[in-house]
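Coordinate analysis (summary)
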Amino acid sequence: MYKVQQNGSSSHSKGANGHALHNDTRSQGSWDDAIPVPRLSLTSAYVVVFVLAGLCFANSYDGDFVFDDSEAILNNKDLSTDVPVTDLFFHDFWGKNLASKTSHKSYRPLTVLTFRWSHSLAGGLYPLGFHIVNILLHSIVSVLMLSLFSNLFSECIIAKETGSLAFGTPRASLLCAILFAVHPIHTESVAGVVGRADLLCALLFILSFKFYVNSCVQAAVEKGDSVLCRPSSFSLPHILLSIVLCGMSVLCKETGITVIGICSAFDIIMICRVDVLAAVGLKKEFKSLDNGHSNGSTGHREDDGSWITSLVKRQLLLLCGGLTILATRWRLMGSTTPTFQVFDNPHSFVNGTLTRVLNYNYLYSINGFLLVNPWWLCFDWSMGCLPVIKSLMDPRVLAVFAFWLVLGGLLFAALNGAMDREKRCLSMGLALIVVPFLPATNLLFRVGFVIAERVLYLSTAGYCIIIVLGVQRLVSTHTFPQVVRYTLIFLVAIFTARCVHRSYEWRKEMSLFEAGVNVCPLNAKVHYNIAKLNGDRGNVEKAIEKYRDAISLNHEYDQAMNNLANILKDRGDLQEAEELLMKAVGIRDEFAAAWMNLGIVQSNLKKNDLAEKSYFRALLHRRKYPDCYYNLGNLYLDLKMHNEAIQAWRNATLQRPTHFNAWNNMVILLDNLNQVDQAEAVGKEALKYIGQDAQMYINLANVMGKADRYKESEQYFLRAIKIDSNLAKAHANLGVLYHRWDKHDLAEKSYKRALQLEPDSVNTHDNLKMLYRKIGKANN
């Protein structure tokens, strides 16, 4: 453990260069000794925090890809090695082109790159490796937080042995790091794979902060100082590296830019110990405790003002670096903000500035409540989970008043009176809560969510600082110290239990969604997700029930209407399906999938003209839509418009060369039209794209057989059987070929093999009987 420069009973002590060190009424040691936590060495503290952080979320290691993981991982082509790595730097987090109107502009190429590495190392999209990396990252971030908290609580005391900042407050720092490591609000970031963006951002955020502080430490060490206070010089390479790490943090998640604000605040408040309000004349200067010097000159007995020039230079470097990163980020996203719908963030679409501000503050209060009471957690807070406040008479306005009463009280405590160590720590705690949260406030730009627990990952650090300061205040005044100790033990235990339980819920989508219903029963999206999952699993009745619940909660939920209509269509409830789809496209005219599904339903209802118009409408909104062309071809087939059908299917294969059904229908129709050469050409072309497909070989064999090209037909059937020897249809059709070819023994053998695979096939039984009559053989 480092030997820490501590104050004795005198009002100040001298550093190696004769500078007076700042001293509060309590010594460094006594301040920390009051915290009811064991005093551990730095290495031991690292181990405890690392293990605790990992254990809290360890049971998510074998979880599935859930919720947003589907889009960011499973459906993201950027994870494939077939896609050039350079493409990642032109796509958003979900794999869409940044220039696309539908892009959310979430530019996180470094995070996607780590997903790609996980995919490559595992040899596929296996969630185990993805989850283990997330757990390890959270443990590492928690360990780094221990160092950050030590820098803050110990007021930048420099260890003589190492020339770096000392682990000067082991108890307070350990308690703070433990509270951060086990806070349940982190579950989404750790147990959800997409949360890696927050973890990587936090990792680089802390490293950027550390290098910035080290830029000042190096200058202090060179001058022989024992405390980092008002340095008159700094290390430019360290600051530049800090800015580079900030830029890398932004490439993991946008929140990384806020480290610029934290570095600035730490420099002003903790390193230079400036009382900002006193400096600008908003309050009187108080006399500090170090031999009567004013608070504006704490730290050096002889102040030549050179530290001010150094501080200004550092602040300008931070400002220029931050603006450069922001300008680059803005340019990469096409110099436009993403477009969000009302259901993404209804509170930001409220009419009236006053009402909108009220709603924003209500959301802030909910975020604050989640930090204090992380029992009320949900994977998604949109679509009615938190209804919009429309009137000042809404009782939830009281939550806004309570929020600002608490925050205002903390601000007053931090800024009122002389800026001693406790007030500086409190100021930094508030800064760590507010500054990283700024991108989610809707003040700078509209965000695409109502509440997102993951955005509180870094803000939790500030909350933990305030808790530890409160604990220190209680125990230092001898206010039930034993009660405080047992309360802390209970708090850590209950947080840990909640993390374990919550991360277990994140293992499977169904448990995650059902937990969401318990927290947000008014959230239409939660019911929608449960319905979709049940539909995929074949639980049709449950899916219909939950889709209806989603629509009843949100009468304009067009996606739920579309999905419910598809289920009803398959059940034969065509009238209700048509009504739902008509309502869906009425709500969102550009909803191409709903237009196509409406066309299918209308086609089944024999409303052919309307069906054709619906298909054209879908193609108007989505020009590259192979499935729509396929269904349009089916409509033309029913109408005996064969040329139009073939052209529609051809369009489907041009847009998606692997569209098997379109190829299959073209070959069969051309065969039925006796256009043998064209059918053969189309079938052979299809095989270039769909690979070795048994059904396509059967189609080609049938075409050749009808043209009496028996040898070629036989070869195609044998290829199909080689691909799938248990395909009864291939054996039965081969038997028909041999039957016509007068190869009776082979025909009998093929028919019998087909009946072994499909004993109830009436056609095969009849064909075998015909063969026996032809050759005069008795049935066996």
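Fair warning: this is a prediction, and the values are worked out from it, not measured in the lab. (Residues numbered from 1 in each chain as written. Predicted model: local features only at pLDDT ≥ 70, side-chain atom pairs only at ≥ 80, totals over all residues. Heavy atoms only, no water.)

1. Some words on the nonpolar core
Residues Phe149, Phe153, Leu228, Phe266 and Trp381 are the most contacted members of the largest nonpolar core, which totals 137 residues. Ranked by the residues each element gives to this core, the list is headed by helix H8 (residues 196–222), at 14 residues. If you look at the next biggest cluster of nonpolar residues, it comprises 82 residues, including Ala560, Ala584, Cys628 and Leu632. (Core = buried A, V, L, I, M, F, W, Y, C linked by side-chain atoms within 4.5 Å. Buried < 20%, exposed > 50% of the residue type's maximum accessible area, 1.4 Å probe, protein only. Helix = DSSP H or I, 4+ residues; strand = E, 2+ residues; numbered from the N terminus.)

2. A closer look at the packing of helix H10 (residues 259–271) against helix H12 (residues 306–332)
Closest axis-to-axis distance for the H10/H12 pair is 10 Å, and the angle between their directions is 175°. Classified by the angle their axes make, H10 and H12 are roughly antiparallel. In contact with Ile260, Cys263, Ser264, Asp267 and Ile268 of H10, H12 contributes Leu311, Arg314, Gln315, Leu318 and Gly322. Grouping the amino acids of the contact of H10 with H12 by side-chain chemistry returns five nonpolar, three polar and two charged. (Axes fitted to C-alpha atoms, helices over the stretch in contact; angles between N-to-C directions. Parallel < 35°, antiparallel > 145°, perpendicular 65-115°, else oblique. Contact = heavy atoms within 4.5 Å. Nonpolar A, V, L, I, M, F, W, Y, C, P; charged D, E, K, R; others polar.)

3. Structural notes on the state of the cysteines
A full pass over the atoms with the stated rule returns one disulfide. Paired by a disulfide, Cys385 and Cys520 hold their sulfur atoms 1.8 Å apart. With Cys385 in the loop between helix H13 (353–372) and helix H14 (397–415) and Cys520 in the loop between helix H18 (509–519) and helix H19 (524–536), this pair connects stretches of sequence that are 135 residues apart. In this structure, Cys385 and Cys520 share a single accessibility class: buried. (Disulfide = S-S within 2.5 Å.)

4. A closer look at the packing of helix H27 (residues 660–672) against helix H29 (residues 694–706)
Any two packed helices are characterised by the angle at which their axes cross and by the distance between the axes. Here H27 crosses H29 at 10°, and the two axes come no closer than 10 Å. In terms of orientation, H27 lies roughly parallel with respect to H29. Facing H27, whose interface residues are Phe660, Trp663, Asn664, Val667, Ile668, Asp671 and Asn672, H29 presents Gln695, Met696, Asn699, Val703 and Lys706.

5. Here we look at unusual backbone geometry
One non-glycine residue, Asn442, lies in positive phi territory at about 70°. By the element assignment, Asn442 lies in the loop between helix H15 (421–434) and helix H16 (459–476). Overall, the relative accessible area of 9% leaves Asn442 in the buried class. Even without a glycine there, the phi angle at Lys640 is positive, about 65°. Secondary-structure assignment places Lys640 in the loop between helix H25 (626–638) and helix H26 (642–655).

6. Regarding a nonpolar patch on the surface
Judged by side-chain polarity, Val47, Phe50, Val51, Leu55, Tyr61, Leu128, Ile132, Leu136 and Ile140 come together as a nonpolar surface patch covering roughly 750 Å² of accessible area. Mapped by element, the contributors of at least two residues to the nonpolar patch are helix H2 (42–57) and helix H5 (127–153). In this structure, Leu136 sits in helix H5. Taking relative accessible area as the criterion, Leu136 reaches 41% and is therefore assigned partly exposed. (Patch = residues over 30% accessible without salt bridge, like charges linked within 9 Å, V, L, I, M, F, W, Y side chains within 5 Å. Areas by Shrake-Rupley, 256 points an atom, 1.4 Å probe, with all protein chains shown as cover. Salt bridge = Lys/Arg side-chain N within 4 Å of Asp/Glu carboxyl O.)

7. Considering the environment of Phe445
If you trace the backbone, Phe445 turns up in the loop between H15 and H16. Judged by its relative accessible area of 38%, Phe445 is partly exposed.

8. A look at the packing of aromatic side chains
Across all of its chains, the model carries 18 aromatic pairs by this definition. Aromatic side chains Phe180 and Tyr457 sit 5.4 Å apart centroid to centroid with 75° between the ring planes, which places their arrangement in the edge-to-face category. Separated by 277 residues along the polypeptide, Phe180 in helix H6 (residues 170–181) and Tyr457 in the loop between H15 and H16 bring together distant segments of the chain. Classification of Phe180 as buried rests on a relative accessible area of 0%. Overall, Tyr457 belongs to the buried group, its relative accessible area being 2%. Both rings, one in Tyr710 and one in Trp741, keep their centres 5.6 Å apart while their planes meet at 40°; by these two values the pair is tilted. Highlighted residues: Tyr710 in helix H30 (residues 710–723) and Trp741 in the loop between helix H31 (728–740) and helix H32 (744–757), separated in sequence by 31 residues. On the accessibility criterion, Tyr710 (17% relative accessible area) is buried. Classification of Trp741 as partly exposed rests on a relative accessible area of 22%. (Phe/Tyr/Trp six-rings, centres within 6.5 Å; stacked < 30°, edge-to-face > 60°.)

9. Remarks on the pattern of salt bridges
A complete count under the given rule lists 31 salt bridges for this structure. In this structure, Asp33 and Arg171 form a salt bridge, with 2.6 Å as the shortest nitrogen-oxygen distance. One end of the pair, Asp33, is in helix H1 (residues 28–33); the other, Arg171, is in helix H6, and 138 residues separate them in sequence. A relative accessible area of 16% means that Arg171 is categorised as buried. By sharing partners, the salt bridges in this structure join Glu680, Lys684, Arg709 and Glu712 into a single network.

10. Overview of H32
Spanning 14 residues, H32 covers 20 Å between terminal C-alpha atoms, matching the ideal 20 Å at 1.5 Å per step. By the burial criterion, the buried members of H32 are Ala747, Glu748, Ser750, Tyr751, Ala754 and Leu755. Down the axis of H32, the smallest arc covering the buried residues is 165°, so these residues share one side. Turned more than 90 degrees off the buried face of H32, the exposed positions are Asp745, Lys749 and Gln756. Where H32 is buried, its residues contact H31 and helix H33 (762–775). (Expected span 1.5 Å × (residues − 1). Arc of directions from axis to C-beta.)

11. Looking at the environment of Thr81
Relative to the helices and strands, Thr81 resides in the loop between helix H3 (69–74) and helix H4 (109–122). For Thr81, a relative accessible area of 54% gives the class exposed. Separated by 465 residues in sequence, Thr81 and Lys546 place their C-alpha atoms 39 Å apart.

12. Considerations on H33
Given 3.6 residues per helical turn, the α-helix brings residues three or four places apart onto the same face. With 14 residues, H33 extends 20 Å from end C-alpha to end C-alpha; this agrees with the ideal 20 Å at 1.5 Å per step. Within H33, the full set of buried residues consists of Thr764, Leu768, Leu771 and Tyr772. Considered in projection along H33, the buried side chains sweep an arc of 95° and stay on one side of the axis. Those residues of H33 that are exposed and aimed more than 90 degrees away from the buried face are Val762, Asn763 and Arg773. On its buried side, H33 packs onto H31 and H32. Among the residues trailing H33, Gly776 stands out with phi positive, at a value near 70°.

13. So, the side chain of Asn361
By the secondary structure assignment, Asn361 is in helix H13. At 2.7 Å, the side chain of Asn361 and the backbone oxygen of Val357 are in polar contact. Not counting residues within four places of it along the chain, the set of residues in contact with Asn361 comprises Val400 and Trp404. (Polar contact = N/O pair within 3.5 Å; in protein donor to acceptor, adjacent residues only side chain to side chain.)

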